[in-house]
There are 2 protein chains.
Amino acid sequence: MSWINEVGPSSDIILSSRVRLARNLADTPFPTAMDKEEMDTVIQRVRRGILGSHSDLKDDYQFLIIKDLSPVDREILVEKHLASPDLIKNYKSSAILVDKVQVCSIMVNEEDHIRLQCIFPGNRLKDALEYLQKVDDTLDAELPYAFDDGLGYLSCCPTNLGTGMRASIMMHLPALAATGQMKGIISTLPKVGMAVRGLYGEGSEAGGDIFQISNQITLGASEEEIIGSLEAIVGQVLEKERQTRRAMAEHDRVRFEDGIWRAYGTITHAKVMDLNEFMDLLSKVRLGVEMGIIPDIDISSINGLMILGQPAHLKKYEKDYADIKDLDILRAKIISKKLRDRKEGA
Amino acid sequence: MSWINEVGPSSDIILSSRVRLARNLADTPFPTAMDKEEMDTVIQRVRRGILGSHSDLKDDYQFLIIKDLSPVDREILVEKHLASPDLIKNYKSSAILVDKVQVCSIMVNEEDHIRLQCIFPGNRLKDALEYLQKVDDTLDAELPYAFDDGLGYLSCCPTNLGTGMRASIMMHLPALAATGQMKGIISTLPKVGMAVRGLYGEGSEAGGDIFQISNQITLGASEEEIIGSLEAIVGQVLEKERQTRRAMAEHDRVRFEDGIWRAYGTITHAKVMDLNEFMDLLSKVRLGVEMGIIPDIDISSINGLMILGQPAHLKKYEKDYADIKDLDILRAKIISKKLRDRKEGA
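Residues numbered from 1 in each chain as written. Chains lettered and ligands numbered in written order. Predicted model: local features only at pLDDT ≥ 70, side-chain atom pairs only at ≥ 80, totals over all residues. Heavy atoms only, no water.

A count of helical and extended segments in chain A gives twelve helices and ten strands. What you see for chain A is a C-alpha radius of gyration of 21 Å, in line with the 20 Å of a compact globule of 346 residues. Taken along the three principal axes of its C-alpha coordinates, chain A extends 65 × 50 × 30 Å. In chain A, buried positions account for 55% of the 346 residues. Partitioning the contacts of chain A with sequence separation of at least 6, the portion at a separation of at least 24 is 69%. When the accessible surface of chain A is split by element, carbon and sulfur atoms take 50% of a total near 14600 Å². Within chain A, the 53 negative side-chain charges are centred at a point lying 5 Å from the centre of the 43 positive side-chain charges. (Helix = DSSP H or I, 4+ residues; strand = E, 2+ residues; numbered from the N terminus. Rg over C-alpha atoms; globule rule 2.2 N^0.38 Å. Buried < 20%, exposed > 50% of the residue type's maximum accessible area, 1.4 Å probe, protein only. Contact = heavy atoms within 4.5 Å. Areas by Shrake-Rupley, 256 points an atom, 1.4 Å probe, with all protein chains shown as cover. Lys, Arg positive; Asp, Glu negative; His and termini not counted. Charge placed at Lys NZ, Arg CZ, Asp CG, Glu CD.)

Here's what the structure looks like:
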């Protein structure tokens, strides 16, 4: 069910659909103004809200205090898109609840008291919202949400007022990037209330030709309306990417395939590979898989490799490769082996 | 026995040892001053000298009139280093005799009436000279060589006076090239009477890090003395290349192997490959094979591939790949297949 291991609608281009809701407690100061005791109290109240004996969700979630995790395990949550970088930055006072299928997570004491998030593979924003609303209802029944009839859900940062919802679609757009069309899209989308970011959100670069498109406005429209607008925009970008891929392949098929197979030859043979190069090579391999040029590899394997090649995930392997201290060498070793095994095993 | 399919001493670095002798007939004007009838007469006299009933060599040689060969077959002789580019340029009036093992060739009406050449795999200049001297004696017994007691063998170009001998060693020098040391060697060698050229002789570039070192001076020393000097120089270059390879590998083993395996990954997966890139990639693969990094491929296979990737050799395959008109595409297809088959079959 996790977006990393499964596929969904339009998975040739859309990696995941994510919805998150910002919620705060009416009877507690905002996180920026809380003291240590208040922070701990929020954590315990959210925990009981989900894991308490009355909760339908009590058997599905794991509760984690961030400061009890190793630095590597904290980063792994970020690399899987289950936790935000801010939650880890606040590790002294933050906690998280993650469901067993790694689809839904509830962050406590991030920028807001509570951030609920659901991430699905492929193009499934509405499903993600629906799933998340059940979790939200469970908490709402237990906790006094800060809500104003005029403004909607109150939040620490005014950009989250109203629905408190941020919906985002993660897309692989190598053809639009290669032909320079992404620049125009990135500068146009904010004009229609959408933002474009890289793989790891705000401030991250679009390594591997992966872009996240999300709503900027949370106020003045319902959750369903916001998702409808985002889906319409995403549909246009998706179609443009597909058209450009076809045009590139038709223009000079051999050279198009040449670029893809060279990337495959390099990623399966390199002995040192930094993160940027890895993401660029994997982007080309993904394109080759999606277009039927590279056989015997499925897209969900590629998503798995993309996450496996991130620094914290690699560090998890260090015990098996105790002699390798250099992450770029470890990355080359693990990724090339996985890709070759997968292809030979297929 | 051919240098392309066999190995010899120091084959890790030395591809071949070649000796050629320039000879002219005393009773005939030099090629630059001959008419058509005289040219034909020279061809027939050399032919009888080698293939006549009295000759020991008569069963070993094949006689070819250059203008009767297709343009592709002419170029193939050059690519195999059996004929010189000049012999093909003079195709209207030239001929060649090639022995069955493709070690020795006798060019007629090149720059001189006769150019005898012998090419051995590895470091075997003396063997090549000895082999060639027997052929020279056979012809000398039949034909009136232009010879002056003071000057030695007379030749069309004064740079060939005396012995008429040019000895050359073809070396693979990727470490000296990569570290910039080749520039110094190329500028120093002429000062000691040696010249450095590329794979296909005068004016050709040193593609694939392959360099030919040959004597410039043919006068005032015996054949054995000239070869002795060349061998001494070659021995120094050889040792320097070996030291530099070791130093490069020791300095950063992983990055050294990375460069080699990336070249291997590219050459086995590319779909379009021009001659320059092919030679550069094959140079790295050869280095990897020579240093035991790439297993299950032998050096003579690499020499075979180097020649197979040349334009005329590729054109020979056109009938099997009638749909492929682009040599760069054909090269990628044939070379990557051969390399992968060879490795899988090993």
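Moving on: the sheet that holds strand 4 (residues 104-108) of chain B. Residues and elements named next belong to chain B. Strand order in this open sheet of eight strands is 2-3-4-5-1-8-10-9, and the pairing throughout is antiparallel. The open sheet has two edge strands with one neighbour each: strand 2 (61-65) and strand 9 (194-197). Averaged over all pairs of adjacent strands, the angle between strand axes in this sheet comes to 20°, irrespective of strand direction. Bridging between strand 2 and strand 3 (residues 95-99) involves five bridges; their strand directions are antiparallel. Bridge pairing links I65 to A95 in strand 3. Together, strand 1 (14-23), strand 2, strand 3, strand 4, strand 5 (114-121) and strand 8 (165-172) form the strand contacts of helix 4 (residues 125-142), whose direction differs from that of strand 5 by roughly 150°. (Pairing = 2+ DSSP bridges. Axes fitted to C-alpha atoms, helices over the stretch in contact; angles between N-to-C directions.)

Residues and elements named next belong to chain B. Counting buried positions over the five residues of strand 4 gives five, a clear majority of the element. Of the two faces of strand 4, both are covered, the one formed by C104, I106 and V108 as well as the one formed by S105 and M107. Here strand 3 runs beside strand 4; their pairing, made up of four bridges, is antiparallel. Across the sheet, A95 pairs through a bridge with V108, a residue of strand 4. Linkage of strand 3 to strand 4, two consecutive antiparallel strands, is achieved through a turn of four residues, within which Q102 is found at a positive phi near 60°. Note that strand 4 and strand 5 share five bridges and pair antiparallel. Of the residues in strand 5, the one forming a bridge with M107 is R115. Hairpin connection between strand 4 and strand 5: a loop of five residues separates the two successive antiparallel strands, and N109 in this loop has a positive phi of roughly 60°.

Turning our attention to the pattern of salt bridges. Considering all chains together, one arrives at 42 salt bridges over all chains under this definition. Note that E277(A) and R262(B) form a salt bridge whose closest N and O atoms lie 2.7 Å from each other. Here E277(A), found in helix 9 (residues 275-290), pairs with R262(B), found in helix 8 (residues 253-267), and the two come from separate chains. On the basis of relative accessibility, which here comes to 19%, the residue R262(B) falls in the buried class. Of the charged contacts in the structure, one is a salt bridge between R115(B) and D112(B), with a shortest N-O distance of 3.0 Å. The two residues R115(B) and D112(B) agree in class, both being buried. Overlapping salt bridges, with partners in common, bring together E110(A), E111(A), D112(A) and R115(A) in one network. (Salt bridge = Lys/Arg side-chain N within 4 Å of Asp/Glu carboxyl O.)

Residue and element names in this part refer to chain A. Taken domain by domain, chain A comprises domain 1 (14-242) and domain 2 (253-344). Taken residue by residue, the interface counts 15 residues in domain 1 and 15 residues in domain 2. Of the roughly 1300 Å² buried between domain 1 and domain 2, counting both surfaces, carbon and sulfur atoms make up 65%. Remark: the boundary between domain 1 and domain 2 carries one salt bridge. Residues K316 and D73 are paired through a salt bridge, measuring 2.9 Å at the closest nitrogen-oxygen approach. Counting residues per element, the side of domain 1 that touches domain 2 draws most heavily on helix 2 (residues 71-79), which supplies five residues. Across the side of domain 1 that touches domain 2, the residue classes tally to seven nonpolar, three polar and five charged. (Domains from an automatic or database assignment. Buried area = accessible area lost by both parts, 1.4 Å probe. Nonpolar A, V, L, I, M, F, W, Y, C, P; charged D, E, K, R; others polar.)

All names here are of chain B. Checked against the element boundaries, H269 lands in the loop between helix 8 and helix 9 (275-290). Of the residues examined, H269 reaches a relative accessible area of 8% and is grouped as buried. Polar contacts involving the side chain of H269 include one to the side chain of T268, which spans 3.1 Å. (Polar contact = N/O pair within 3.5 Å; in protein donor to acceptor, adjacent residues only side chain to side chain.)

Moving on, we get to the sheet that holds strand 8 (residues 165-172) of chain A. Residues and elements named next belong to chain A. Ordered in space as 2-3-4-5-1-8-10-9, the eight strands form an open sheet in which the pairing is antiparallel. The outermost strands of the open sheet, each flanked by one partner alone, are strand 2 (61-65) and strand 9 (194-197). Along the sheet, successive strands turn relative to each other by an average axial angle of 20°, direction set aside. Pairing between strand 1 (residues 14-23) and strand 5 (residues 114-121): eight bridges, direction antiparallel. Residue pairing for strand 5: L21 is matched across the bridge by L116.

All right, on to the interface of chain A and chain B then. Interface size is often expressed as the accessible area that is lost when the parts come together. Residue-level contacts link 17 residues of chain A with 17 residues of chain B. When the two sides are added together, the surface that chain A and chain B hide from each other amounts to roughly 1500 Å², 61% of it contributed by carbon and sulfur. Three residues stand out in chain A for area buried against chain B, namely R262(A), H269(A) and K271(A), and they jointly supply 37% of the buried area on that side. At the junction of chain A with chain B, the criterion picks out four salt bridges. Taking the shortest distance from any N to any O, the salt bridge between D326(B) and R255(A) comes out at 3.5 Å. Seen at the junction of chain A and chain B, the total is nine residue pairs in polar contact (both at pLDDT 80 or more). Broken down by element, the side of chain A that touches chain B gets its largest block of residues, nine residues, from helix 8 (residues 253-267) of chain A. Of the residues assigned to the side of chain A that touches chain B, the class counts are seven nonpolar, three polar and seven charged.

This brings us to the packing of aromatic side chains. Under the defined criterion, the tally for this structure stands at eight aromatic pairs over all chains. Ring geometry for F120(B) and Y131(B): centres 5.6 Å apart, planes at 70°, overall edge-to-face. Linking F120(B) in strand 5 with Y131(B) in helix 4, this pair joins segments that are eleven residues apart in sequence. On the basis of relative accessibility, which here comes to 29%, the residue Y131(B) falls in the partly exposed class. An angle of 70° between the planes, with centres 4.8 Å apart, marks the rings of F147(B) and Y153(B) as edge-to-face. Exposure remark for F147(B): the relative accessible area of 45% places this residue in the partly exposed category. A connected cluster of aromatic rings, assembled from ring pairs, spans Y145(A), F147(A) and Y153(A). The cationic tip of R23(A) hangs over the ring face of Y153(A); the distance from NZ or CZ to the ring centre is 3.5 Å. Its guanidinium or amino end placed over the ring of F63(B), R47(B) lies 4.8 Å from that ring's centre, counting from NZ or CZ. (Phe/Tyr/Trp six-rings, centres within 6.5 Å; stacked < 30°, edge-to-face > 60°. Lys NZ or Arg CZ within 6 Å of the ring centre and 35° of its normal.)

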